[in-house]
Amino acid sequence: MKRVFVHEEWCLGCHLCEYNCAFANSGVNDMVKALKGKPVTPRIHVEDDGKIHYAVSCRHCENPLCTKGCISGALTKGDDGVVTIDHEKCVGCLSCMLLCPYGCITTDEKDVVLKCELCVKNGRGTPACVEGCPNRAIVYEEVEA
Amino acid sequence: MAVNYMIPSFEIERNDYRCIRCRVCERQCANSVHRYDPDGDVMLSDEFKCVDCQRCVCLCPTHALKIRKNENELRENANWKQNTILEIYKQANTGGVLLSSMGNPEPFPVYWDKILINASQVTNPSIDPLREPMETRVFLGKKPHDMTRDKNGKLNTELPPQLELELPIMFSAMSYGSISYNAHKSLATAAETLGTLYNTGEGGLHEDFYQYGKNTIVQVASGRFGVYKDYLEAGAAIEIKMGQGAKPGIGGHLPGAKVGADISKTRMIPEGSDAISPAPHHDIYSIEDLRQLVYSLKEATGYKKPVIVKVAAVHNIAAIASGIARSGADIIAIDGFRGGTGAAPTRIRDNVGIPIELALASVDKRLRDEGIRQNVSLVVGGSIRSASDVIKAVALGADACYIATSALLALGCHLCRTCQSGKCNWGIATQDPELVKRLNPEAGKERLVNMLTAWKHEIKEMMGLMGINSIEALRGNRMMLRGVGLNEKELEILGISHAGE
């Protein structure tokens, strides 16, 4: 499957991916309207430590711990390999957050679990973080499992 | 000093409705212009630090930013322009020589813009480059004076070493030091893809780039940084740099702060030491001395590589070029006064040298008059901005053009002209690893290849409309050019007629 990868060598720590992600998943057609004055809850996070920057988002693991630990069956790994969340089923226990070894699951103010779904549900095709990265640090590539 | 006489050059206009406080501008500005104030939830800016590099403008996801010229005005004075006064304040503050970068920005005439190109109509057919083959390949080097035969009557076909270019454009010298590792890598890989050459400048050749040797011109300048046998043998040609258009007659100075481990190794100088290139080559005080260096370099490389001599366009350029054409050099590169630099004294950049258009026309004429034009190929640089500049240069007599500013623009340079600060926000003219990584050489290469591919298409289109299907047939073909708004002397030097004639 195609996955989002980050080349640390080229990640500048500009955090644009976070804003592009939050906007892409906002369902609003204007970034200002979507994000101005509101808490921004992206599904990708840039980890910064001095001179090292690295954008982290769901790895869509072969054997995801989050789906195993999900008590309501909201998190599933589909046939296409994408780990998705069904908000109808999610009860907000946040077990998945504790289980994810990469810290890639987050919540918004409504305690709804948010995670990277490779921009499949928002109908973009190419993930917004990849499209908006100014230095080609975030790529969307096919790799052998 | 309590009173600050300076005024910021730019104003930062932030559309507060659009600004979402993502702070990308703050993170991306190496000059620390932008700052977030959590107390008021506002973005603040220190306009004194802004150099108008446009990095924040380009990265702002909501297009909330504009950088404008500061409209604050000193009392109008036709003699004492605002900038002239501010430069005096600056020097009164610091006591230092003013430094600038890139090419001369002053409003001197741009002759390219006063020359128009001919087209075929009715009596001679134009050629459609999409239907018929068009040749943009050129060979640079010494050409035989006449045909000779051996004792068996067979033609002598042995030529002195030549450079083969797929299009009459090369990337001109920019040293590793003045520009970053990633900028060099972009140029080297793009030159390889395009079938042309890039130039190391005087900073030596990084060990990673020896693999691009056949697309590399290695430079030997007055500082002789990084010059040794393997270096000379690595390149396809060797260039002796006598001068540079942006700062003719003076040397260079790479501050010790930029001489990190990699640059120290490449330049073969101690880490942290200033890299000083003397104004003259201390072993060259005449054409005879130059000839010695040309032949030393040829001897060192087995007469397999053409030797280029690069000079700045100055007042007696035709006589100088005539001397160089007799020195054994294979190619003369002339750099006009609008050529760029990583740092030069402002007064020198803005006042020394002559336009490349005039220098080229007079050199080509002089060499033809003296019957030695075939001794050398002519390469010109110093602000070749587009395919039409290339066409005009070739028609004035150039074999090929050197481009550098255009190449840096393709890599993201916004001509803010503060390379000397070493804080290039685009990752080009800097050695700060945090900034260097901003130029992904994969993207850089792609943009350079795109630009020159586009130029090549345009060159073919323009050749076609003149009814010319080979760039060789355009060289020195001044009948294809007409001047507009030029006086008789200018037309005479350019060797072209006025439009309408």
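None of the values given here were measured: they were computed from a predicted structure. (Residues numbered from 1 in each chain as written. Chains lettered and ligands numbered in written order. Predicted model: local features only at pLDDT ≥ 70, side-chain atom pairs only at ≥ 80, totals over all residues.)

### Overview of the overall build of chain A
This is how the line gets drawn: Helix and strand assignments follow DSSP, with helices taken as H or I runs no shorter than four residues and strands as E runs no shorter than two, numbered in order from the N terminus. Restricting the calculation to C-alpha atoms gives the radius of gyration, and the globule rule supplies 2.2 Å times the number of residues raised to the power 0.38. Backbone-placed C-beta atoms define the burial measure: a residue is buried with 20 or more other C-beta atoms within 10 Å of its own, exposed with 12 or fewer, and partly exposed in between. Any pair of residues counts as being in contact when their C-beta atoms, constructed from backbone geometry, are within 7 Å of one another.
A count of helices and strands for chain A gives five helices and eight strands. Against the globule reference of 15 Å for 145 residues, chain A gives a C-alpha radius of gyration of 15 Å, in line with a compact fold. Considering chain A as a whole, with its 145 residues, one finds that 38% of them fall into the buried category. Here the contacts in chain A between residues at least 6 apart in sequence split such that 58% fall between residues at least 24 apart.

### A short note on the overall build of chain B
Counting its regular elements, chain B contains 15 helices and 21 strands. Over its C-alpha atoms chain B spans a radius of gyration of 24 Å, differing by no more than 12% from the 23 Å that the globule rule assigns to 501 residues. In terms of its C-alpha atoms, chain B occupies a principal-axis envelope of roughly 90 × 60 × 45 Å. Buried residues in chain B amount to 48% of all 501 residues. Taking all contacts inside chain B whose residues are at least 6 apart in sequence as the whole, residues at least 24 apart take part in 68%.

### A word on the sheet that holds strand 11 (residues 216-220) of chain B
All names here are of chain B. To keep things clear, this is the line we draw: Should DSSP find at least two bridges between two strands, the strands are taken to pair. Every axis corresponds to a line fitted to the C-alpha atoms, with the helix fit spanning only the stretch in contact, and the corresponding angles, defined between N-to-C directions, vary from 0 to 180 degrees.
Judged by pairing direction, the sheet is parallel, and its eight strands sit side by side in the order 9-19-18-16-15-12-11-10 without closing on themselves. One side of each edge strand has no neighbouring strand; the edge strands of this open sheet are strand 9 (169-171) and strand 10 (198-199). Where strand 11 and strand 12 (residues 237-241) come together, four bridges link them in parallel fashion. The partner of Val220 across the bridge, within strand 12, is Ile240. Here helix 8 (residues 317-325) sits on the sheet in contact with strand 15 (307-312) and strand 16 (331-335), set at roughly 155° to strand 16. Contacts between helix 10 (residues 356-369) and the sheet are confined to strand 16 and strand 18 (377-381), with strand 18 contributing the most and set at about 170° to the helix.

### Some thoughts on the interface of chain A and chain B
Applicable threshold: Gly is placed with the polar residues, together with every amino acid not listed as nonpolar (Ala, Val, Leu, Ile, Met, Phe, Trp, Tyr, Cys and Pro) or charged (Asp, Glu, Lys and Arg).
Contacts between the two partners involve 17 residues from chain A and, on the opposite side, 16 residues from chain B. Elements represented by at least two residues in the side of chain A that touches chain B include exactly helix 1 (16-24) and helix 2 (31-35) of chain A. In terms of residue class, the side of chain A that touches chain B is built from nine nonpolar, four polar and four charged.

### Observations concerning the packing of helix 8 of chain B against helix 10 of chain B
All names here are of chain B. As a reminder of what qualifies: Here the word oblique covers every angle except those under 35 degrees (roughly parallel), over 145 (roughly antiparallel) and from 65 to 115 (roughly perpendicular). By convention, the crossing between two helices is left-handed when the near helix turns anticlockwise from the far helix through less than a right angle, and right-handed when the turn is clockwise.
At their nearest, the axes of helix 8 and helix 10 sit 8 Å apart, and the two run at 50° to each other. Between helix 8 and helix 10, the angle is such that the two are oblique. Classified by chirality, the crossing of helix 10 by helix 8 is right-handed. Touching Ile317, Ala318, Ala321, Ser322 and Ala325 of helix 8 are Ala359, Ser362, Val363, Arg366 and Leu367, all from helix 10.

### Here's the deal with the sheet that holds strand 20 (residues 481-483) of chain B
All names here are of chain B. Taken in spatial order, the three strands line up as 6-20-21 in an open sheet, and their pairing is mixed. At either end of the open sheet lies a strand with only one pairing partner, and these are strand 6 (115-117) and strand 21 (497-498). Summarising the sheet, strand 6 and strand 20 pair through three bridges and their orientation is antiparallel. Considered in strand 20, the bridge of Ile115 is made with Gly483. Along the sheet face, helix 11 (residues 387-396) touches strand 6 and strand 20 and points at about 95° away from the line of strand 6.

### Some remarks on the domain arrangement of chain B
By a widespread convention, an interface's size corresponds to the accessible area lost as its parts come together. Residues and elements named next belong to chain B. Applicable threshold: Where each domain starts and ends follows an automatic or database-derived domain assignment.
Considered domain by domain, chain B is made up of domain 1 (10-96) and domain 2 (116-120 + 127-141 + 167-472). Taken over C-alpha atoms, the centre of domain 1 sits 33 Å from the centre of domain 2. On the side of domain 2, seven residues touch domain 1, which itself brings nine residues to the contact. Of the residues assigned to the side of domain 1 that touches domain 2, the class counts are four nonpolar, three polar and two charged.

### Considering the domain arrangement of chain A
Residues and elements named next belong to chain A. With domains assigned, chain A is organised as domain 1 (1-57 + 121-145) and domain 2 (62-115). With seven residues of domain 1 at the interface, the matching set in domain 2 holds eleven residues. Tallied by class, the residues present in the side of domain 1 that touches domain 2 amount to four nonpolar, two polar and one charged.

### Structural notes on helix 7 (residues 287-300) of chain B
All names here are of chain B. For clarity, the cut-off: One less than the residue count of a helix, multiplied by 1.5 Å, gives the span that helix is expected to have. Comment: arc refers to directions from the helix axis out to C-beta atoms.
With 14 residues, helix 7 should cover 20 Å at 1.5 Å per step; its first-to-last C-alpha distance of 20 Å lies within 8% of that length. Taken together, the buried positions of helix 7 are occupied by Leu290, Leu293, Val294, Leu297 and Lys298. The buried residues of helix 7 all sit within an arc of 135° when viewed along its axis, so they share a single face. Away from its buried face by more than 90 degrees, helix 7 exposes Glu288 and Glu299. One or two steps after helix 7, the chain reaches Gly302, where phi turns positive at roughly 65°.

### So, helix 3 (residues 82-94) of chain B
Residues and elements named next belong to chain B. The end-to-end C-alpha separation of helix 3 is 18 Å, in line with the 18 Å expected for 13 residues at 1.5 Å each. Counting buried positions over the 13 residues of helix 3 gives zero, only a small fraction of the element. Among the residues trailing helix 3, Gly95 stands out with phi positive, at a value near 75°.

### Remarks on the environment of B:Asn215
Residue and element names in this part refer to chain B. Relative to the elements of secondary structure, Asn215 occurs in the loop between strand 10 and strand 11. Note: C-alpha distance between Asn215 and Ala188 (27 residues apart in sequence) is 7.1 Å. Apart from residues no more than four positions distant in its own chain, Asn215 is found in contact with Ala188, Ala191, Glu192, Thr196, Leu197, Tyr198 and Ala236.

### Regarding the nonpolar core
Note the following rule: Here a nonpolar core is just a set of buried residues of the types Ala, Val, Leu, Ile, Met, Phe, Trp, Tyr and Cys, joined wherever their C-beta atoms sit within 7 Å.
Core analysis: the biggest nonpolar cluster contains 181 residues, and B:Ile332, B:Ile334, B:Leu360, B:Val379 and B:Cys401 have the highest contact counts within it. In this structure B:Cys401 touches B:Pro168, B:Ile169, B:Val379, B:Val380, B:Gly381, B:Ile384, B:Val390 and B:Ala393, once residues within four positions along its chain are discounted.

### Here's the deal with unusual backbone geometry
Non-glycine residue A:His15 carries a positive phi angle of around 70°. Structurally, A:His15 can be placed in the loop between strand 1 (2-6) and helix 1. Classification of A:His15 as buried rests on a count of 21 C-beta atoms within 10 Å. The phi torsion at B:Ser383 lies on the positive side, around 80°, for a residue other than glycine.

### Some remarks on the environment of A:Gly92
Residues and elements named next belong to chain A. By secondary structure assignment, the location of Gly92 is in the loop between strand 5 (83-85) and helix 4 (95-99). Note on Gly92: 12 C-beta atoms within 10 Å, which makes it exposed. Counting along the chain gives 18 residues from Gly92 to Lys110, while the straight-line C-alpha distance between them is 9.1 Å.

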